[in-house]
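Close look at the chain arrangement
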Amino acid sequence: MLGAAGLSLAAQKGRARLRLSRAKHKGLVGHVRMAKRAAGLVPPYAFDRAQFFRADGAADEVVRRREQGFARLSQLYRERFPDTVARTAALRDSVPDIAFTSAYRVPFPFSPVVREALPAGGFWQKSEGVTLIDLDGNTFYDLTGSYGVNLLGNDVYKAMIARGVETAVQLGPVLGGLHPVVADNVERLKAISGLDAVSFHMSGTEAVMQAVRLARYHTGRSHVVRFAGAYHGWWGDVQPGIGNPVPADRTYTLADRSEATLDVLATRSNIACVLVNPLQAMHPNSQAPGDSALVNSSRRAGVDRAGYSAWLKRLAETCRASGIVLIVDEVFTGFRLASRGACEYFDIRPDLVTYGKTLGGGLPVGVLCGRADLMRRYKPERPADICFARGTFNSHPYVMGTMDAFLDWHGSAEAAALYQGVDERWNARAASLNARLEAGGHSPRIANLGTVWSVFYTRPSRYNWMLQYYCRAGGLALGWTGTGRLIFSLAYGETEFGEVADRFVRAVEGFEADGWATAPDGASDRDLGHQVLREVAAAKLGLR
Ligand SMILES: Cc1ncc(COP(=O)(O)O)c(C=O)c1O
């Protein structure tokens with residue numbers, strides 16, 4: 001009798017495990033432990049100057065073009081950015097983040113030569129309209145977007161910060177008790193989110209931490225589901241695998257847009273919450289694209305708005321039926337895709353929603369809005385069982401002042417006009433640039449989710465990351481992830497956008513003319529990928 005019960009339990013457990021493994025995306029992005037182990041096995045190796053230009057086995061004529069183009073670009077960088085680069089280099093050993101970003105702008109074997117010949121500066125002296133000015137006085141169109149904070153143009157945030165200071169100055173930096181402006185902010189955030197209660201934090205990461213903690217507290221369940229590739233800040237539980245030195249044992253990384261995932265959500269009883277980052281609509285089951293991983297042209301992006309929206313509806317229904325808290329992480333997409341963010345754009349009704357970035361009106365912030373029952377920090381029926389969530393600088397009066405300025409803008413007629421047709425406007429801009437790229441027979445193309453753009457490449461090449469250096473030379477400022485993410489602000493009018501498009505096409509022309517955009521005849525992305533694997537294996541065996 002006992003034996004039969006034991007067998008049945010074991011069979012049940014086996015089925016649950018099988019369901020879970022079916023719901024993992026089949027690539028390394030879905031197997032975070034394996035990815036981490038694999039990453040740990042990659043040996044260091046680097047191309048010297050001679051190998052650098054012919055890593056793909058290019059013909060001598062192409063290698064010569066690459067060498068000449070590289071030398072020209074290197075001289076331009078030396079002449080144009082001396083002060084910005086010197087100051088960045090001087091700080092590199094003292095600020096590990098600078099050392100990290102400068103090492104990881106391109107695939108690592110190419111990095112030493114690039115760093116030496118094409119050093120990218122890490123300083124700006126001012127912003128003006130849609131431009132940034134470096135320490136040498138060079139003006140760049142800002143496509144960095146300040147990690148997504150810059151939705152309205154930097155000048156608007158400067159004014160919001162000045163207004164925030166005016167609002168808060170009488171109280172000053174008093175913490176604990178609240179500035180009266182908090183009440184207004186709370187009311188407006190409740191209206192925007194359609195939810196009952198609000199908490200303020202210091203970063204998007206902390207807002208996500210709080211959301212997950214509350215979901216665990218109220219459901220009494222342990223596990224968090226995130227989708228493969230999705231970023232939710234740098235807290236360990238939502239960043240399992242590469243980048244996190246400890247295992248995240250209570251996180252399931254499941255496949256996005258997958259029936260098998262819905263099956264797991266419907267049947268497991270230990271899942272507290274599911275996190276959705278709507279930016280993943282651009283590339284479900286892939287990491288945010290960075291040029292350091294651009295080893296061939298397999299990067300793809302594109303948005304299926306109706307399909308993603310339908311998936312989220314089914315996800316929400318499944319969560320609801322299973323008592324799982326649905327958290328939509330709008331830290332990036334909030335206020336950007338539409339007035340009410342991705343929740344409006346994709347028509348989602350979450351239980352909890354996180355905001356950050358632009359909502360701070362230019363100052364650091366994270367916000368959580370949620371259903372009253374989920375936001376409560378204590379349980380009347382068990383008074384000693386509380387959910388602790390604090391933070392010294394939460395609701396800082398100056399941040400609340402700048403948020404008030406942002407929310408004033410958000411409620412204005414000017415904002416309503418700006419949001420009107422915003423998606424169509426940016427889709428049309430992306431389409432017009434793509435038409436030019438296609439007509440010119442060029443390899444790069446644009447995929448976009450509104451103002452968030454990603455460049456992908458239609459012809460196999462190992463050197464697509466070189467495009468970022470032509471962009472910079474042409475006065476386009478990109479974030480450290482290069483052509484993976486271009487982030488526009490809504491301050492871009494037709495004229496400024498036209499100038500960016502012209503510069504981008506010129507950068508592409510230079511990049512292609514210098515021989516970086518194509519692989520040797522007949523080589524596919526798969527071949528290039530195998531080439532990289534062979535190099536890694538040779539380095540591991542000490543053969544290179
Ligand atoms: C979707 C999402 N969630 C959370 C975060 C973390 O926010 P922060 O960097 O303010 O901690 C980010 C930051 O990029 C994000 O894009």
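Description of the structure in this document. Quantities reported herein were computed from a predicted structural model and do not represent experimental measurements. Residue positions are given per chain, counted from 1 along the sequence in the order it is written. Totals for whole chains, interfaces and linings use all residues, but because this is a predicted model, local features are given only for residues with pLDDT of at least 70 and pairs of side-chain atoms are given and counted only at 80 or more.

1. What to know about the overall build of the protein
Numbering goes from the N terminus for both helices and strands, where a helix is a DSSP run of H or I of at least four residues and a strand is a run of E of at least two. Helix and strand counts for the protein come out as 20 helices and 16 strands. Just to be clear, the radius of gyration here is over C-alpha atoms, and the globule rule we use is 2.2 Å times residues to the power 0.38. Over its C-alpha atoms the protein spans a radius of gyration of 25 Å, differing by no more than 12% from the 24 Å that the globule rule assigns to 544 residues. Burial is judged by counting other C-beta atoms within 10 Å of a residue's own C-beta: 20 or more means buried, 12 or fewer means exposed, and anything between counts as partly exposed, with every C-beta placed from the backbone. Here the protein, with 544 residues, has 45% of them falling under the buried criterion. We call two residues in contact when their backbone-placed C-beta atoms lie within 7 Å. Taking as baseline every contact in the protein between residues at least 6 positions apart, the subset at least 24 positions apart corresponds to 77%.

2. Notes on the pairing of strand β14 (residues 452-457)
Extensive coverage of β14 is indicated by the burial of six of its six residues. Neither face of β14 is left uncovered, since the one carrying V452, S454 and F456 and the one carrying W453, V455 and Y457 both have all their residues buried. A strand pair is defined by DSSP finding two or more bridges across the two strands. One ladder, built from six bridges, connects strand β13 (residues 444-449) with β14; its direction is antiparallel. Paired with N448 across the bridge in β14 is W453. Counting the residues in the hairpin turn of β13 and β14 gives two residues, including G450, whose phi is positive at 60 degrees. Pairing analysis gives two bridges linking β14 to strand β16 (residues 486-487), with the strands arranged antiparallel. Within β16, the position partnered with V452 by the bridge is I487.

3. Some points on the nonpolar core
The term nonpolar core refers to a group of buried residues, namely Ala, Val, Leu, Ile, Met, Phe, Trp, Tyr and Cys, whose C-beta atoms join them within 7 Å. Counting 133 residues, the largest nonpolar core has A215, C273, V274, I327 and L476 as its most contacted members. What L476 contacts, discounting residues up to four positions off in sequence, is F140, Y141, L143, C471, V500, R503, F504 and A507.

4. What about unusual backbone geometry?
What you tend to see is this: most non-glycine residues have negative phi, and most peptide bonds are trans. Look at F335: it is not a glycine, yet its phi comes out positive at around 70 degrees. Relative to the helices and strands, F335 resides in the loop between β8 (325-329) and α13 (341-345). At D347, a residue that is not glycine, the phi angle is positive and equals roughly 60 degrees. Its location among the elements puts D347 in the loop between α13 and β9 (352-356).

5. Structural notes on the site of the ligand
Taken together, 14 residues are adjacent to the ligand, and S203, G204, T205, G233 and V331 come closest. Broken down by element, the residue count for the shell around the ligand peaks at three residues, all from helix α10 (residues 204-219). Only Asp, Glu, Lys and Arg are considered charged in this grouping, and only Ala, Val, Leu, Ile, Met, Phe, Trp, Tyr, Cys and Pro are considered nonpolar; every other residue, Gly among them, is considered polar. Looking at the shell around the ligand residue by residue, the class counts come to five nonpolar, eight polar and one charged. Each residue receives a C-beta atom built from its backbone; the residue is near a molecule or strand if that atom lies within 6 Å of it.

6. A look at the sheet that holds strand β4 (residues 197-201)
Pairing is mixed in the open sheet, where seven strands are placed in the order β4-β10-β9-β8-β7-β5-β6. Of all strands in the sheet, those with a lone pairing partner are β4 and β6 (251-254), marking the two edges. Here the strands of the sheet are splayed against their neighbours by 20 degrees on average, with no regard to which way each runs. The sheet contact formed by β4 and strand β10 (residues 366-370) spans five bridges and is antiparallel. The partner of S199 across the bridge, within β10, is L368. A fitted line through C-alpha atoms represents every axis, and for helices the fit uses only the stretch in contact; the resulting angles, taken between N-to-C directions, go from 0 to 180 degrees.

7. Brief notes about the sheet that holds strand β15 (residues 476-477)
Overall, mixed pairing links the four strands, which are arranged β1-β2-β3-β15 in an open sheet. At either end of the open sheet lies a strand with only one pairing partner, and these are β1 (126-128) and β15.

8. A look at the packing of helix α8 (residues 154-168) against helix α15 (residues 397-410)
For the pair α8 and α15, interaxial distance at closest approach is 7 Å and the crossing angle is 125 degrees. Looking at the two axes, α8 sits oblique to α15. In this structure, the crossing between α8 and α15 has a hand that is right-handed. Only P397, Y398, G401, T402, D404, A405 and F406 of α15 make contact with α8, whose side of the interface consists of M160, I161, R163, G164, V165, T167 and A168. Here roughly perpendicular refers to angles of 65 to 115 degrees, roughly parallel to angles under 35, roughly antiparallel to angles over 145, and oblique to all remaining angles. Working rule for handedness: look at the near helix, and if it is turned counterclockwise from the far one by less than a right angle, call the crossing left-handed; if clockwise, right-handed.

9. Overview of the packing of helix α17 (residues 422-439) against helix α19 (residues 494-513)
Put simply, α17 and α19 touch, their axes get as near as 11 Å, and they point 30 degrees apart. Here α17 lies roughly parallel to α19, going by the angle between them. Crossing geometry of α17 relative to α19 is assigned as right-handed. Residues R429, L433, R436 and L437 of α17 form the contact with α19, whose participating residues are F497, A501, F504, V505 and V508. Partitioned by chemical class, the residues of the contact of α17 with α19 number seven nonpolar, no polar and two charged.

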